Amino acid sequence: MTFTWRRTFPDTHHDFVAEEAGQHVGRIMRNSGGPNHGTWLWTCTGCQRGDDELKPLNGETPTRDEAIEALAAAWSRAKAWSARTGRSLS
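Because the structure is a prediction, the values reported are computed rather than measured.

Chemist: It is not clear to me how helix H1 (residues 64-85) should be interpreted in this structure. Could you clarify?
Modeler: Residue pairs three or four apart in sequence face the same way in an α-helix, which turns once every 3.6 residues. Under the 1.5 Å per step criterion, the end-to-end length of H1 is 32 Å for 22 residues, consistent within 8% with the ideal 32 Å. When H1 is considered as a whole, its buried residues turn out to be Ala67, Ala70, Leu71, Ala72, Ala74, Trp75, Ala78, Trp81 and Ser82. If you follow the buried residues of H1, they end up packed against strand S1 (4-7), strand S2 (15-20), strand S3 (23-30), strand S4 (40-43) and strand S5 (58-61). Immediately beyond the C-terminal end of H1, within one or two residues, lies Gly86, with a positive phi of roughly 75°.

Here it is in structure tokens:
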């Protein structure tokens, strides 16, 4: 799965939005404070469904690469669910 990445805001670092084929998929960003400073947060915002089989749709990982993998896995589950049920992800 190949995402197109861009900065969430032009002047931010370590904060990115992912898209696939022009569809918003999610976001990853580095935690910049508190006891979990340096970890990476991810969320699959391209899927607004609350169905349990799609969860988790967000989380925290030690590294950026793991956040990307977790986002990709969530998006893959969401797309498979949509294909199987015929229901929209939005």
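Chemist: Would you explain the pattern of salt bridges in this entry?
Modeler: Pairs can form between side chains of opposite charge whenever their charged atoms are close. In the structure shown here, the tally under the stated rule is four salt bridges. Of the charged contacts, one joins Arg27 and Asp15 as a salt bridge, the two residues approaching to 2.6 Å between their closest N and O atoms. In this pair, Arg27 sits in strand S3 while Asp15 sits in strand S2, placing the two residues 12 residues apart along the sequence. Arg27 gets classed as partly exposed once you look at its relative accessible area, which sits at 26%.

Chemist: Before we go on, may I ask you to explain the packing of aromatic side chains in this structure?
Modeler: Given two aromatic rings, their pairing is described by the distance between the two centres and the angle made by the two planes. Under the definition given, this model contains one aromatic pair. Ring geometry for Phe3 and Trp5: centres 5.8 Å apart, planes at 85°, overall edge-to-face. On the basis of relative accessibility, which here comes to 30%, the residue Trp5 falls in the partly exposed class.

So, how was this worked out
- Residues numbered from 1 in each chain as written.
- Predicted model: local features only at pLDDT ≥ 70, side-chain atom pairs only at ≥ 80, totals over all residues.
- Heavy atoms only, no water.
- Helix = DSSP H or I, 4+ residues; strand = E, 2+ residues; numbered from the N terminus.
- Expected span 1.5 Å × (residues − 1).
- Buried < 20%, exposed > 50% of the residue type's maximum accessible area, 1.4 Å probe, protein only.
- Contact = heavy atoms within 4.5 Å.
- Salt bridge = Lys/Arg side-chain N within 4 Å of Asp/Glu carboxyl O.
- Phe/Tyr/Trp six-rings, centres within 6.5 Å; stacked < 30°, edge-to-face > 60°.

Nothing here speaks to function; it is all geometry.
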